[in-house]
Amino acid sequence: METSSQSDLSIASLATLDALDNAIKKDKNRYIRKGYGLLVAIFIALSTYLTVPHIMFFIHSYLDGMQKIQIFLLVQLCSTNLSYVLGNIYMYIIYSLKLPFFERYKVDNNPWPWEQNLKQWTQTKKKVLLNWILNSIISSLLTIASVYAGQNFRHDSSSIPSHFELAWQIAFCMIVEDTSFYWLHRTLHNPRFYYIHKKHHEFYNTISVAAEYQHPIEFVLTSTATALGPLILGANMHVYTLGFWYIVRVFETIDGHCGYEFSWSPYRLLPFSGSSEYHHYHHSHNIGNFSSFFYYWDTLCGTNKEYFNFKKARTNEMQLNLMRRVFNESQQKSKTT
Ligand SMILES: [Zn+2]
Ligand SMILES: [Zn+2]
């Protein structure tokens, strides 16, 4: 005879299967809706994947002969900081141009912070810059400490990664990072720890510079989540793969905070991928949506239910408004004729 705990378990399993089934359907629709953006995203992802090992050989021709600690520091400093700066320059151009082509991808109708209050935005920019400098220093110190602690990534030219190695190691790092980030982020939303995380939530509407705006303690914790996959791989990973992984992660967080849901984002090719709209909801409503690369942890733990209900209600409202407009227009036409 089935006990009550067994039936509770089977109900929970059925609910999880149902949630996964819904997630698969949503994902299928997500790919279809992208249109030509999907082809551009595939082109960006494929061309990056095919050229990266060749770029690694090119970079190594300049770094060959350097000491291990110098290579580690250079790779870490350049991959994290250059990608953050370049990503923000790219977004600055898009924010400044305000072209209708880009604006149709904006995730909400709110004006940007510099349009709301220019004086306050000047102060915010200074705070973001100082925070970034402080966190960059911390990150460099962590790299130096990890080398002295015996961190053992490969750094020779004979073992520059193949395409296959690059693909599985980046996929592994994404899964490890997403899992550790989900639980860390969720813990930081616990009232006891929220004082650490509330700095990042000073941005109610996401913009690209908010991506790395965080309390130094949170920065150390999230950096550990990012470094966890590489730390597990150790000597199986090349230091250039580590550098590429940092670039992938930094661009992902800029993409998630930029305030636009670009159809050509290569990150949206990932199955069960989070999105800019997804993370924007986390900032604007401060409810659920804790993950980074993927959303399956949120779905499995039921922490994105409010978001999908909100999206459904908004779609229904938009459809209702459209029907009202069409009805009013037809009424006016019939009056005039
Ligand atoms: Zn948060
Ligand atoms: Zn955020």
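Residues numbered from 1 in each chain as written. Chains lettered and ligands numbered in written order. Predicted model: local features only at pLDDT ≥ 70, side-chain atom pairs only at ≥ 80, totals over all residues.

Further remarks concern the overall build of the protein. Helices and strands together make up the secondary structure of the protein, namely 13 helices and zero strands. The order of α-helices and β-strands along the protein, N terminus first, is α-α-α-α-α-α-α-α-α-α-α-α-α. If one aligns the C-alpha atoms of the protein with their principal axes, the spans along those axes are about 85 × 70 × 45 Å. Put simply, of all contacts in the protein between residues at least 6 apart along the chain, 72% involve residues at least 24 apart. (Helix = DSSP H or I, 4+ residues; strand = E, 2+ residues; numbered from the N terminus. Contact = placed C-beta atoms within 7 Å.)

Our next topic: helix α3 (residues 68–97). Helix length check: α3, at 30 residues, gives a terminal C-alpha distance of 43 Å against a target of 44 Å (1.5 Å per residue), a fit within 8%. Every buried residue of α3 is listed here: I71, F72, V75, Q76, S79, T80, Y84, G87, N88 and M91. (Expected span 1.5 Å × (residues − 1). Buried ≥ 20, exposed ≤ 12 C-beta atoms within 10 Å, placed from the backbone.)

If you look at the biggest cluster of nonpolar residues, it comprises 39 residues, and the most contacted ones within it are V75, A210, V239, L242 and W245. Those elements that place two or more of their residues in this core are α3, α7 (163–188), α9 (216–233), α10 (239–257), α11 (276–285) and α12 (296–301). Excluding residues within four positions of it along the chain, A210 makes contact with F203 and H257. (Core = buried A, V, L, I, M, F, W, Y, C linked by C-beta atoms within 7 Å.)

For the rest of this paragraph, the subject is the UniProt feature "transmembrane region" (unreviewed entry) in the protein. Mapped onto this numbering, the UniProt entry gives "transmembrane region" (unreviewed entry) at residues 35–59, 71–95 and 128–150. This span, residues 35–59, is 96% helix and 0% strand, and a straight line between its end C-alpha atoms measures 36 Å. (UniProt positions renumbered as here; feature names shortened; annotations may be inferred.)

Mapped onto this structure's residue numbering, the UniProt feature "domain: Fatty acid hydroxylase" (unreviewed entry) falls at residues 171–303. As annotated, residues 171–303 comprises 56% helix and 0% strand, and the C-alpha atoms at either end are separated by 24 Å.

Before going further, it helps to spend a moment on helix α2 (residues 36–63). Between its first and last C-alpha atoms α2 spans 40 Å; for 28 residues at 1.5 Å apiece the expected length is 40 Å, and the two agree. Considering bend angle alone, the principal kink of α2 is centred on V52 and spans about 40°; proline P53 follows within four residues of it. Positive backbone phi, at 100°, marks G65, one or two positions downstream of α2. (Bend = angle between axes of the 7 residues up to and from the residue.)

Here the focus is the confidence of the model for the protein. Within the protein, residue pLDDT values average 89, and 91% of them lie at 70 or more. When mean pLDDT is taken per element in the protein, α7 scores highest with 97 and helix α1 (residues 4–33) scores lowest with 67. (pLDDT = per-residue confidence, 0-100.)

So, about the environment of L184. Within the secondary structure, L184 is located in helix α7. Setting aside residues no more than four positions away along its own chain, L184 makes contact with L221, T222 and A225.

Once that is clear, we can look at the packing of α3 against α10. Between α3 and α10, whose axes approach to 9 Å, the crossing angle comes to 25°. Considering the angle they form, α3 stands roughly parallel to α10. Handedness of the α3/α10 crossing: right-handed. The segment α3 lies against α10, with I71, F72, V75, Q76, S79, T80, S83, Y84, G87, N88 and M91 engaging V239, Y240, L242, G243, Y246, I247, V250, F251 and I254. For the contact of α3 with α10, a count of residues per class yields 13 nonpolar, seven polar and no charged. (Axes fitted to C-alpha atoms, helices over the stretch in contact; angles between N-to-C directions. Parallel < 35°, antiparallel > 145°, perpendicular 65-115°, else oblique. Left-handed = near helix turned anticlockwise from the far one by under 90°. Nonpolar A, V, L, I, M, F, W, Y, C, P; charged D, E, K, R; others polar.)

Unlike most non-glycine residues, F272 shows phi in positive territory, near 55°. By the element assignment, F272 lies in the loop between α10 and α11. In this structure, N289 is a non-glycine residue whose phi angle is positive, near 55°. Along the chain, N289 falls in the loop between α11 and α12. Using a count of 23 C-beta atoms within 10 Å as the deciding quantity, one classes N289 as buried.

Turning next to the environment of R104. Topologically, R104 is positioned in the loop between α4 (100–103) and α5 (113–116). For R104 and Y260, which are 156 residues apart along the polypeptide, the C-alpha to C-alpha distance reads 8.5 Å.

What follows concerns the packing of α3 against helix α6 (residues 118–148). Remark: α3 packs on α6, axes separated minimally by 10 Å, with the N-to-C direction vectors making an angle of 150°. By the criterion of interaxial angle, the relationship of α3 to α6 is roughly antiparallel. For α3 against α6, the interelement crossing comes out right-handed. In this structure, α3 uses K68, I69, F72, L73, Q76, L77, T80 and N81 to contact α6, whose residues at the interface are S136, S139, S140, T143, I144 and V147. Among the residues forming the contact of α3 with α6, the class breakdown is six nonpolar, seven polar and one charged.

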